[in-house]
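Letter by letter, the chains look like this.
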Amino acid sequence: MRVIKGSWHKKVALAAVVTMVTSLGQIAPTNAASKANNLVIAISEFDSGWCLQDSPGGEQILAKNQVSETLMTTNNKGKPVPYLAKSVENSADFKTWKFTLREGIMFHDGEELTAATVAANVAGNLGLNPVIPGSLPAIAWQDALGGVTSLAQFAAKVQPLSKYVIQFNLPAPRPLFSEIWGGRSTLWSSKTLQTKQCGQTVGAGTGPFKIQSKGVDKAKTVLEANTSYWRKGADGKSLPRAKTLTFLTIVDGSQRRNALLKGQADMATFTSVGGLVLNEMKKDKSITLFEGPRDTTWSFHMNSAAAPFNSKNARLAFSYALDREALAKVVAKGNADPAYCFGATYHPYNLSNGGKKKCAPSDLAKAKEYVAAYQTETGKQLAVVLPTTESQESIKLAQAVCNMMIKAGATCTLMPPVTATAYILRGFALQQQVSNFNVVFGYSSSFADLFSRKTNLELSGFRFTNPGLAACFQTAVETNSKAKYQECVGVLHGDAYWVPAWTEATFIASGKNVVFSDGLLPSGGKRREIDARFDFATITVSG
Amino acid sequence: MNTILSIAAMNIKFVTPRGLLEAVHEVSLDIPVGSSVGIVGESGSGKTVLSRAAMGLLSGSTVRREGKVVFDGKELTTMTREQVRNEFGTGMAMIFQDPMTALNPVRRVGTQIAESLRIRLGMSKKAAVVRTIELLSLVQIPDPQAMLRKFPYQLSGGMRQRVMIAIAISCSPKLLFADEPTTALDVTVQSQILQLLSDLRRELKMSMVLVTHDLGVVAGNTDYVAVMYAGEIVEQAPTSELFANMKMPYTEALLKSIPTIHMQSGKRLAVIEGRLPDPTSRLQGCSFAPRCPYVQPKCTAEHPPLVNAGNDHLYRCWFPLGQTIARKQ
Amino acid sequence: MKLLGAVIILVRALVVLFLVTFMITVLVRLLPGDPVDTLMPFATDEGREQLRSELGLNINIVQYYFRWLGDFVRGDFGQWYASTGDGGGVPIGQMLGVALPRSLFLMFYTMVFSLTLALPIGIFLGYRADTRIDRTLSNAMFALSSIPSFALGLSLVYILGLRLDLLPVLGYVPFTESPGEHFKSMVLPVLSLSVGLIAGFSRLLRVDTIATLREDFVTMASSKGLSNGWILWRHVLRPSSATLMTSAALQMGGLIGGAVVIEIIFALNGFGMLLNTAIVTRQYLAIQSLVALIAVAFIFFNLVVNVLYAVVDPRVRSARG
């Protein structure tokens, strides 16, 4: 064919191809240089907001806690230690608590951390001023302060004694009160509180990093170094060492691993649910995988106020029918332990021998007996309806559990999926018989207490039909007696109000470029802080 | 006599799901230089297939072609496709039956003409446009400049046929195939187009093969006529000889089926009864026998050979016209 | 006459748009559950009241629809609500500013790439219909198109991203930041989406090409002594592309909101992911505005294809007057 002279569209196409090829050819050295000390962390969770009522999961809390800090933290032995507070004193009866703040700690917006700011945060959490009603910590705070409905009541119970000292007057003894500051009750500046944003798109905390951009792209949160951060590194140099932190949401677990291998992410988080990818990474020499302690226990919570789980026979049938070994194998591919009792084995209130003896273990024969007993008791076949969220894991899990129930002779169906928030907030309003939560987080007991002691928890409708059990937990909290807790937990599990399923860890994997300057993470070693308290301030990343 | 195109013992078969379909059977035909030859037959007689095969336009995995075609001293049947293609336009060109379907509906008239000039003759864009306008004038299209930008659907049938003729003669071919060039047109336009073809043929000194079902068309426009039936040539003669001394009953039947202006109103147009034989199985006897008004027992038993009656007049019939034969009831 | 035709087409598009968006409004209102409870479980009474009025729950649906339409036309798509109610919301327009370019680029490159390959393949298969190479290639295409895009995506990640170390395995780089990195970041998702499309498009084109090749004008073109390539590209392609164009227009609309799986795997987080999140978290206003935008896209691409029909086949122009 004779070539006919090029017309304009051919020239345009040619130009486009040339542009594409040449630009593809640029092997970008620019990126390598700018990469140094810009840490990219791949997580699986989208940013649904950092307000606690948005129920952010562990990974978003991980990001949030780089911005907003708390008065207390826990040391490697699990003991609460002062953090933004310089010291904590309590009266002998555990009713009066006095926190002295570090001086000169500044929020990102220039406000200084004072006792007044702390009080304002508590007031906000309680729904007083400004009004952030019904938040999750509000329940913990209302519980600890014995109910506060007016600013006058608040002023009597939360007293800034001086610029840096704040005192809490509790109506009942609370030996573990300081733990309330160890978890999710982080502090925002007064201005942030007034916007009610709690870090939706903006927000000023005291943390090593401040918000550069977030909320508009729900899959990307960019934090930048807070150059006037109060902590210093082991070498005496200022923290944080990284210039920016980028939390990138990559839902697919294998892609998080691939991003690490490729250097597109420097660190990535995983949970036991991604068992297959975890097992692959363990063999991969270019990835360092840190496994946290297996301290997150997933449990089924029985609605003992309604049929069928108002019957002890039904609850025990469920507990015996649940094959925890299989769940740990199927769900976590060996990266989790079957759980029979409250919390991990090293949990202060865990029952001896892994709880196998005192708690109701998995036993199909016994499950069948209890299913039959339920039938005798009520004249009906045991019918279980399991709730699910939209996540694949949740549906897979519910299907696995359903099969176990059917094996034991019950019928079992799945509820249509609901959102995680709806699942948590209106579990029982949605007629759920049973819910699946990971409330026992870490070895702090405060959050778990909340669920186990409240006899009429408006939050979710959990209610113990055994008033003695509620009283038992109340005494246990007030005396902080391990023996008392174990007694209560014995009843909790013996009567199968809670049915623990498995205990899992959080994993953090890091690529070659990540340097743990302060030696916080010895190679291959375990460290308890692989969770929401993970400290990114000391980490550097080479180019 | 010099021949521009010589077809020898051509057989064309198509592979179909029903079996091998024989479209052209043992056809030999010579086209003398400068002459006009008509190929006449009903639709399905193989005349279009023959002309396309002669030109080398039949291709594909389903076509089986045998025989020899010599064009302008070159044996087309042994040449590569590219070599044959080189003869198209400049050596041979074709005008198709339906100018609506044979012109590309989505391309402008000017482009479709100039395309040949540019690719086959290597003209520049400007020269091609000038030549296109000349060609359009040559085929007597008014306002050729405006015609360049038009699309085929914007033209009348006659105009489209003129455009197609312009395309066919654009590269001054030595031989022009005209496949039913007037069938799709109004009667008045038909004669104009035929006149145009005759004029152009003389002017450009082309040879022409005029393929038609209409004996009336060949009458005034050809020097020789070949009548085809069921893939075979059944009669072949100089045009005047054929009309003066018709030998084949089939040719006679064709002639009778032509409507004339002088036809009395109310009188039915003669039609040829019956249908063409099934091309997948050749009859033992004469192919026309089942429809022939003069059929004899011998006709169905033996296949008649092509015999020469003198005066270049060939025919394929056991009992040619002019001999006394009882007409079938 | 031409102007009138264009006006009629536009009016028809507007009527369709009108009906579609009204249907969406009704459907969103029919979603089960109280939107106020779902969106702002922690809002104060005033906050809830404000949300009720913003979602038009206190007025009838027709009034609400026209109010929403007015906002939508002005480019105000509403806000992405925060559970605390006031103050925390993010304007959906802002979120679109991040998500939409990603989906548009993804769609654009996918269409350009898959059509660039599907045109020659489809034409070639049509030209060589029912030969061994046609059967082999057609079967191969069919097999390829039945691979789910995510499986293909992950295999491509493994081969091109990790093994050969040629391309980033995920993420998005804006064009303005680095054109080179931008193209690189789009290669794998575009490939993953394209394979199925190439197979589908070339099948459509193959069938129409076979039909076109039977046309007289193709024989006519051969008789002019044109090469096969020239004939296929200049004479056969355009008359054979009507079905392909219709299908491509639908795919273009579909790819904007419907590439969720690929957006998840490659962490692109474009329009599809945004819509998905909106549905999962019951962001009523966002669902309504985003679905309406998809409808606009579908109608727009259909209009474009209608115009293209006329460019490709001039007969369409005259039929429209």
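Please read all numbers here as calculations on a predicted model, not as lab measurements.

Caption draft 1: Geometry of the overall build of chain B. When its secondary structure is counted, chain B shows twelve helices and twelve strands. In terms of overall dimensions, chain B is globule-like: its C-alpha atoms have a radius of gyration of 21 Å, near the 20 Å expected for 329 residues. Once the C-alpha set of chain B is aligned to its principal axes, its extents read approximately 65 × 50 × 45 Å. The buried share among the 329 residues of chain B stands at 52%. Taking the intrachain contacts of chain B between residues at least 6 apart in sequence as the baseline, contacts between residues at least 24 apart amount to 65%. If you sum the accessible surface of chain B, you get close to 14,600 Å²; carbon and sulfur atoms cover 52% of it.

Caption draft 2: Molecular detail of helix H4 (residues 109–121) of chain B. Taking 1.5 Å as the rise per residue, H4(B) with 13 residues should run 18 Å; its terminal C-alpha atoms sit 18 Å apart, in good agreement. Of all 13 residues that make up H4(B), eleven are buried, and the element is covered over most of its length. Considered for burial, the residues of H4(B) that qualify are B:Val109, B:Gly110, B:Gln112, B:Ile113, B:Ala114, B:Glu115, B:Ser116, B:Leu117, B:Arg118, B:Ile119 and B:Arg120. Considering only its buried residues, H4(B) is in contact with helix H2 (81–87), helix H5 (125–138), helix H6 (144–147) and helix H7 (157–169) of chain B together with helix H10 (228–236) of chain C. Immediately beyond the C-terminal end of H4(B), within one or two residues, lies B:Gly122, with a positive phi of roughly 70°.

Caption draft 3: Quick peek at the nonpolar core. A:Phe270, A:Met281, C:Trp68, C:Trp80, C:Leu96 and C:Leu290 are the most contacted members of the largest nonpolar core, which has 101 residues in total. No other element matches helix H14 (residues 284–312) of chain C, which puts twelve residues into this core. Among residues more than four places away in sequence, those in contact with C:Leu290 are C:Ile92, C:Leu96, C:Phe271, C:Leu274, C:Leu275 and C:Ala278.

Caption draft 4: Structural detail: the state of the cysteines. Tallying each qualifying case throughout the model produces one disulfide over all chains. Put simply, A:Cys402 and A:Cys412 are joined by a disulfide, and their sulfur atoms are 1.9 Å apart. On the sign convention where negative means left-handed, the S-S torsion of about -85° between A:Cys402 and A:Cys412 marks this disulfide as left-handed. Here A:Cys402, found in helix H13 (residues 392–407), pairs with A:Cys412, found in strand E16 (residues 411–414); they are ten residues apart in sequence, far enough to count as distant. Residue A:Cys402 is classed as buried on the basis of its relative accessible area of 5%. Looking at the unpaired B:Cys292, the closest cysteine sulfur is the one in B:Cys299, lying at 6.1 Å. B:Cys317 forms no disulfide, and the closest cysteine sulfur to it belongs to B:Cys299, at a distance of 6.1 Å.

Caption draft 5: Looking closely at the pattern of salt bridges. Summed over all chains, the structure comprises 25 salt bridges over all chains. Put simply, A:Lys484 and A:Glu487 hold a salt bridge, and the shortest N to O gap is 3.6 Å. Taken as a pair, A:Lys484 and A:Glu487 lie in helix H17 (residues 482–494) at a separation of three residues, close to a single helical turn. The salt bridge partner of B:Asp72 is B:Lys174, with a shortest N-O separation of 2.7 Å. Residue B:Asp72 is found in the loop between strand E4 (63–71) and strand E5 (74–75), and its partner B:Lys174 is found in the loop between H7 and strand E7 (175–179); the two are separated by 102 residues along the sequence. Taking the relative accessible area as the measure of exposure, B:Asp72 reaches 29% and is therefore partly exposed. A single network of salt bridges, built from pairs that share partners, joins B:Arg107, B:Glu115 and C:Lys224.

Caption draft 6: Structural detail: a nonpolar patch on the surface. Nonpolar side chains collect at one region of the surface, where C:Leu3, C:Val7, C:Val11, C:Val15, C:Phe18, C:Leu19, C:Val62 and C:Phe66 lie side by side and expose about 730 Å² of accessible area between them. Of all the secondary-structure elements, those providing two or more residues to the nonpolar patch are helix H1 (2–30) and helix H4 (61–73) of chain C.

Caption draft 7: Main features of the sheet that holds E4(B). Residue and element names in this part refer to chain B. Overall, antiparallel pairing links the four strands, which are arranged E2-E1-E4-E5 in an open sheet. Strand pairing shows two members of the sheet lacking a second neighbour, strand E2 (19–32) and E5, which therefore form its edges. Where helix H1 (residues 47–55) meets the sheet, it contacts strand E1 (3–16), E2 and E4, and its direction lies at approximately 115° from that of E1.

Caption draft 8: Molecular detail of the packing of aromatic side chains. Within the structure shown, the criterion is met by 28 aromatic pairs over all chains. Measuring from centroid to centroid gives 5.2 Å for A:Tyr83 and A:Trp230, while their planes differ by 75°, and the two rings are edge-to-face. Placement of A:Tyr83 in the loop between strand E3 (80–82) and strand E4 (85–90) and of A:Trp230 in the loop between strand E9 (220–225) and strand E10 (244–249) is noted, with a sequence separation of 147 residues between them. The interplanar angle of 20° and the centroid separation of 5.6 Å between the aromatic rings of C:Phe105 and C:Tyr109 together place this pair among those described as stacked. Placement of the pair is C:Phe105 and C:Tyr109 together in helix H5 (residues 92–127), with a separation of four residues, close to one helical turn. C:Phe105 gets classed as partly exposed once you look at its relative accessible area, which sits at 26%. Here a set of aromatic residues connected by ring pairs shows up, and it is made of C:Phe18, C:Phe22, C:Tyr65, C:Phe66, C:Trp68, C:Phe72 and C:Phe77. A cation over an aromatic ring shows up here: A:Lys214 above the ring of A:Trp50, its NZ or CZ 4.3 Å from the ring centre. A cation over a ring is seen here: B:Lys298 above B:Trp318, with NZ or CZ 3.8 Å from the ring centre.

Caption draft 9: Spotlight on the domain arrangement of chain C. All names here are of chain C. Taken as a whole, chain C is organised into domain 1 (1–88 + 282–321) and domain 2 (102–278). Look at where the C-alpha atoms of domain 1 and domain 2 centre, and you get two points 30 Å apart. With 17 residues of domain 1 at the interface, the matching set in domain 2 holds 18 residues. Summing the contributions of domain 1 and of domain 2, the shared interface buries around 1,500 Å²; its carbon and sulfur component is 80%. Three residues stand out in domain 1 for area buried against domain 2, namely Leu290, Phe301 and Val312, and they jointly supply 35% of the buried area on that side. Here domain 1 and domain 2 share zero salt bridges between them.

Caption draft 10: Fine view of the environment of A:Val371. All names here are of chain A. Looking at where Val371 falls in the secondary structure, it is placed in helix H12 (residues 364–378). Sequence separation of Val371 and Leu223 is 148 residues, and the distance between their C-alpha atoms is 54 Å. If near-sequence neighbours (up to four positions away) are discounted, Val371 is found in contact with Ala317, Leu382, Ala408, Gly409 and Ala410.

Cut-off values and rules
- Residues numbered from 1 in each chain as written.
- Chains lettered and ligands numbered in written order.
- Predicted model: local features only at pLDDT ≥ 70, side-chain atom pairs only at ≥ 80, totals over all residues.
- Heavy atoms only, no water.
- Helix = DSSP H or I, 4+ residues; strand = E, 2+ residues; numbered from the N terminus.
- Rg over C-alpha atoms; globule rule 2.2 N^0.38 Å.
- Buried < 20%, exposed > 50% of the residue type's maximum accessible area, 1.4 Å probe, protein only.
- Contact = heavy atoms within 4.5 Å.
- Areas by Shrake-Rupley, 256 points an atom, 1.4 Å probe, with all protein chains shown as cover.
- Expected span 1.5 Å × (residues − 1).
- Core = buried A, V, L, I, M, F, W, Y, C linked by side-chain atoms within 4.5 Å.
- Disulfide = S-S within 2.5 Å.
- Salt bridge = Lys/Arg side-chain N within 4 Å of Asp/Glu carboxyl O.
- Patch = residues over 30% accessible without salt bridge, like charges linked within 9 Å, V, L, I, M, F, W, Y side chains within 5 Å.
- Pairing = 2+ DSSP bridges.
- Axes fitted to C-alpha atoms, helices over the stretch in contact; angles between N-to-C directions.
- Phe/Tyr/Trp six-rings, centres within 6.5 Å; stacked < 30°, edge-to-face > 60°.
- Lys NZ or Arg CZ within 6 Å of the ring centre and 35° of its normal.
- Domains from an automatic or database assignment.
- Buried area = accessible area lost by both parts, 1.4 Å probe.

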